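# Remarks on the overall topology
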Amino acid sequence: MDTAVDRLRAAVTGLLVDDSIAVPVLPQVATQVLQIAGGADADSDQLSELIHQDQALAGRLLMIANSSIYGGRIQIVSLQQAIARLGLSALCEITFLTCVKARVFHVPGHEDMIKKMWRNSMATGSFAKEIARHLRNNVENAFLSGLLHNVGQPVLLQVLIDQCHRLQLKAPKSQIEALIEEFQQPVAEKIAQEWSLPEAVATAMVHYQHYEELTSFENEAMITHLASQLGAWATSNDPVDESEIHAIPTFAELNFYPEDVEAILSKREAILSLLETTT
Amino acid sequence: MNGENHYSIVILGSGPAGQKAAIKCAKSGRRVAIVESERSPGGWCVHRGTIPSKTLREAAIQISRMEASASVFEFKLKAGIEIRALIHRMDEVITAHERVVADQLTRNEVETIHGRARFASPHEIVVHKVGGATVTIHADKVIIATGSRPRTPPGVPIDHENILDSDSILSLTYLPQSLAIWGSGVIGSEYASIFSLLGVEVTLIDKTPRPLAFMPEDLTERFLRSFERRGGVFLPGRHVRELRWDGATHVVTTLECGAVIESEKLLVCQGRIANVDRIAIENAGLKTNEYGILPVDEYCRTSIPHIYAAGDVIGPPGLASSAMEQGRRAAAHAMGEDPGLFAEILPVGIYTIPEMSVVGLNEEKATEKYGNVIVGQALLDEVTRGQISDVRDGLLKLIADPEGRRLLGVEIVGEGATELIHIGQMVLLTTCDVDLFVEKIFNFPTLAEAYRVAALHIVNQREELDRSGTDPSNEAPPVAV
């Protein structure tokens, strides 16, 4: 007799084959941000207008503008002031993060799991930035790849919850997590296609776990892979033997010497501070 | 000392100087090792410098040619094109070159040790591996060829995201709308050419009165004309007071005169520094001079008799070609061979658009040394091949001795300059007269015919001088083809 896990697996497989996985649609403001990141003319006025129309986003920006990371001595009281303080670059980043979080990392009733996924996502993106900077690789793309490396997970979580409800199944959390791990790559690939992400970003975020099989963007995928491990380490509540972190093979594959590894690991505190602001 | 870790010659760095040194030593049958900190050989030249930038340059020129024929082919460069799409062959080119270098080293039984080298003593080098392990090797002779890296001026916030250096400029995914370049030396001018040709608004800033100030003014004038015709702006005699990313959309550059330049990205090209600060040269009894480079003699030998240095670590000219020759010389002398005379006739090639190249004495130096030299010129756009290929701003100059016979130097600006220069180089090496260019036949139509045109110009002036005994510096106009 098929177990709950088997039936869920079959259901997800069927949805993938039928191309029926519902990919969250990013709001126009996030699409605008992606276009800006992709080099289109930076139109801060248009972006600003869109932000004004999104109440939740606007509120979030005000909060972040006043946070210790971005804040100055003067309290920010208006959205225009927040936009001026943050600047377009930070604005794009925060807008995209907020939209992704709101649309993708949002599964009612499973806030703890989602929060963990989101923190991992943010930490990975931040580490990816620093790794890319050290290697003189493209920093912006690395951040996006890192941020979205686990974007399939919350989508799958929602799918599994829906399927459990439809099939009237109960599956333990560990099995749900195992199924998420099993199917996150094809779901991430679908998301990358639907969102028309830049090729370097799409390849890295989808294939980072098997970068050795890539014939292009291997470096970018390795960066995402390393960042994902560092992101998991930084956001883990369990104590981790630091020597294991130093010994991550991808460090050596990316030609990081011990002093380079130390330099990246030393970013942990700053990244955790940033997480407090954005999560 | 463990015999396994004992080498006749250890070379630090596998760039052009290191490679040539290693091969030279290995062919003598000695036990040779190269210590390289990157995962694959080749040095900055292969991974971030010469090869990637020239590949992008080639793509820019091809696109420019297609755009010039846009009405015929309906060609339009896609807006927001990824740089990677333009240099899609870059990875192939780099990989191919790495393979060639690696194969050559292997074939010659040069052992490659991957790690960062530090001197423990004049004959001992500790190699630090990526995993943290170390191995100590002993060298009878050492050749330091660790190259150089971009210099970051104090207080300049290079973040490799908005404010870039030559290591990170090619990491850009998309072409910026505007790019400021601080520094009009070789790297700055080359990138200014490339990006302006690709439609980027380029502002080139320097404290010097003209770009590439060490090159002859005739040549740089033509480069500048070409650059400005493409919309580039050169700001001479300007000192930068401050650079910063405004956190929004622009890098803001404030000059000492108060002018402010805003650009989407900024490239800092303020020279390069020798990579000798991380190899503990003090443990070998060495120190750098006031310029941060290792002083060497004519054999590339340092103050420590068994330690040599070659390439960027010994300073200018900082060319791959000169580095190769230095590596060869150092290796030859280290093995007790006569390295021969240093190749004084070394061409200099600058890959701006248009290219520039010089060999031998330029007009200024020749005049200082010989007095009234005779100069012959040919405009490349007056040579048939130049007209066919739409070569603009091209010039070839031959500098002859006051008798108008012996060739002293060649200066060329125009597409193909770095290839054409070798004809002049060969004549210089054989100390032939300029009449050789007139007597011999060139293919038609070729740019090389410009040599004959310039030589005829000299011959005309020489004959005029013979007839009237007048000062040859009252030049006759260039001969039209």
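These figures come from a predicted structure and were not determined experimentally. (Residues numbered from 1 in each chain as written. Chains lettered and ligands numbered in written order. Predicted model: local features only at pLDDT ≥ 70, side-chain atom pairs only at ≥ 80, totals over all residues. Heavy atoms only, no water.)

### What to know about the overall build of chain A
Of regular secondary structure, chain A possesses 15 helices and zero strands. Within chain A, the fraction of its 279 residues that count as buried is 54%. Excluding contacts between residues fewer than 6 apart, the proportion of contacts in chain A whose partners are at least 24 apart in sequence is 66%. Within the structure as shown, chain A displays about 12800 Å² of accessible surface, and the carbon and sulfur contribution to it stands at 49%. (Helix = DSSP H or I, 4+ residues; strand = E, 2+ residues; numbered from the N terminus. Buried < 20%, exposed > 50% of the residue type's maximum accessible area, 1.4 Å probe, protein only. Contact = heavy atoms within 4.5 Å. Areas by Shrake-Rupley, 256 points an atom, 1.4 Å probe, with all protein chains shown as cover.)

### Considering helix α9 (residues 173-194) of chain A
Residue and element names in this part refer to chain A. Where α9 bends most, at Q184, the angle is about 50°, and the proline P186 comes one to four residues later. Listed in full, the buried residues belonging to α9 are I176, L179, I180, F183, Q184, V187, A188, K190, I191 and A192. In this fold, the buried residues of α9 make contact with α1 (4-17), α6 (111-135), α8 (152-167) and α10 (199-207). At the C-terminal side of α9, S196 shows a positive phi close to 50°. (Bend = angle between axes of the 7 residues up to and from the residue.)

### Observations regarding the side chain of B:S357
Mapping B:S357 onto the fold places it in strand β19 (residues 356-360). Ignoring any residue separated from it by four or fewer positions in sequence, one finds B:S357 in contact with B:M215, B:L219, B:V348, B:G349, B:V410, B:E411, B:I412, B:A417, B:T418 and B:I421.

### A look at the packing of aromatic side chains
As enumerated under the stated definition, the model contains five aromatic pairs over all chains in all. Between A:F251 and A:F256 the ring centres are 5.5 Å apart and the planes differ by 55°, which places this aromatic pair in the tilted class. Both residues of the pair, A:F251 and A:F256, belong to the buried class. Judged by centre distance (4.8 Å) and plane angle (20°), the ring pair of B:F437 and B:Y451 falls under stacked. (Phe/Tyr/Trp six-rings, centres within 6.5 Å; stacked < 30°, edge-to-face > 60°.)

### Regarding empty space enclosed by the protein
Residue and element names in this part refer to chain A. For the coordinates displayed, the defined rule picks out five cavities of 30 Å³ or more. The computed volume of the largest cavity comes to approximately 70 Å³. In this structure, the largest cavity is lined by N137, N138, N141, A142, S145, A200, V201, A204, E220 and I223. Among the elements of the structure, α7 (139-147), α10 and α11 (218-235) are those that each provide at least two residues to the lining of the largest cavity. For the lining of the largest cavity, the residue count by class is five nonpolar, four polar and one charged. (1 Å grid on protein atoms, 1.4 Å probe; cavity = no way out; pocket = protein on both sides within 12 Å on 5 of 7 lines; lining within 4 Å. Points joined across faces, edges and corners; volume = space filled by probe spheres on them. Nonpolar A, V, L, I, M, F, W, Y, C, P; charged D, E, K, R; others polar.)

### A look at the pattern of salt bridges
Close approach of charged atoms allows side chains of opposite charge to pair. For the structure on display, the rule yields 32 salt bridges over all chains. A salt bridge links B:D393 to B:R225; the shortest N-O distance between them is 3.5 Å. One end of the pair, B:D393, is in the loop between α11 (384-388) and β21 (395-400); the other, B:R225, is in helix α8 (residues 217-229), and 168 residues separate them in sequence. By relative accessible area, which is 39% here, B:R225 ends up partly exposed. Here B:R392 makes a salt bridge to B:D390, at a shortest N to O gap of 3.5 Å. A relative accessible area of 48% places B:D390 in the partly exposed class. Salt bridges linked by common partners bring A:E130, A:R133, A:K267 and B:E161 together as one network. (Salt bridge = Lys/Arg side-chain N within 4 Å of Asp/Glu carboxyl O.)

### Things to note about the sheet that holds strand β18 (residues 348-350) of chain B
All names here are of chain B. With antiparallel pairing, five strands are arranged side by side in an open sheet as β18-β19-β22-β21-β20. The two strands at the open ends of the sheet, each matched to only one other strand, are β18 and β20 (374-379). Here the average twist between neighbouring strands, direction ignored, is 10°. In terms of strand pairing, β19 meets strand β22 (residues 407-413) through five bridges, oriented antiparallel. Bridging from a neighbouring strand, G360 pairs with G409 of β22. (Pairing = 2+ DSSP bridges. Axes fitted to C-alpha atoms, helices over the stretch in contact; angles between N-to-C directions.)

### Details of the side chain of B:S168
With respect to the helices and strands, the residue B:S168 is situated in the loop between β8 (163-164) and β9 (178-182). Sequence-distant contacts of B:S168, that is, excluding residues within four places in its chain, are made with A:R136 and B:H160.

### So, the confidence of the model for chain B
Across chain B, the average pLDDT comes to 90, with 92% of residues at 70 or higher. Of the two predicted TM-score estimates for the complex, the pTM is 0.85 and the ipTM is 0.82. (pLDDT = per-residue confidence, 0-100.)

### Some details on the packing of α7(A) against α10(A)
Residues and elements named next belong to chain A. Two elements in contact, α7 and α10, have axes separated by 8 Å at closest approach and are oriented at 40°. The two elements α7 and α10 cross, and the hand of that crossing is right-handed. Note on element contacts: α10 touches α7 through A200, V201, A204 and M205, opposite N141, L144 and S145. Residues of the contact of α7 with α10, tallied by class, amount to five nonpolar, two polar and no charged. (Left-handed = near helix turned anticlockwise from the far one by under 90°.)

### A few points about the environment of B:T384
Residues and elements named next belong to chain B. In this fold, T384 is placed in helix α11. Residues T384 and T446, spaced 62 residues apart in sequence, show a C-alpha to C-alpha distance of 7.3 Å. Here T384 is in contact with F444 and P445, once residues within four sequence places are set aside.

### As for the nonpolar core
A:I131, A:L148, A:W195, A:M205 and A:L230 are the most contacted members of the largest nonpolar core, which has 78 residues in total. Counting 46 residues, the second largest nonpolar core, distinct from the first, contains B:I34, B:I125, B:I143 and B:L286. (Core = buried A, V, L, I, M, F, W, Y, C linked by side-chain atoms within 4.5 Å.)

### Section: α6(A)
All names here are of chain A. Look at α6: 36 Å from first C-alpha to last across 25 residues, which is about the 36 Å you get at 1.5 Å a residue. With 20 of its 25 residues buried, α6 lies for the most part within the structure. Positioned one or two residues after α6, R136 has a phi angle of 65°, which is positive. (Expected span 1.5 Å × (residues − 1).)

### Section: the sheet that holds strand β11 (residues 233-235) of chain B
Strand pairing in a sheet relies on backbone hydrogen bonds. The paired strands run either parallel or antiparallel. Residue and element names in this part refer to chain B. With respect to topology, five strands assemble into an open sheet ordered β8-β15-β9-β10-β11, the strand pairing being parallel. Each end of this open sheet is capped by a strand with a single partner; those strands are β8 and β11. Relative to strand β15 (residues 265-268), β8 is paired through two bridges, and the arrangement is parallel. If you follow I163 over to β15, its bridge partner there is L266. Together, β9, β10 (201-205) and β15 form the strand contacts of helix α7 (residues 186-197), whose direction differs from that of β10 by roughly 165°.

### Details of the pairing of β10(B)
Residues and elements named next belong to chain B. Counting buried residues in β10 gives four out of five residues, a clear majority hidden from the surface. The pairing of β9 with β10 spans five bridges and is classified as parallel. Bridging across to β10, A180 finds its partner in T203. Each parallel crossover has a hand, and the one from β9 via α7 to β10 is right-handed. Both β10 and β11 contribute to a ladder of three bridges, which runs parallel. The partner of I205 across the bridge, within β11, is L235. (Right-handed = clockwise from strand over helix to strand, strands pointing away.)

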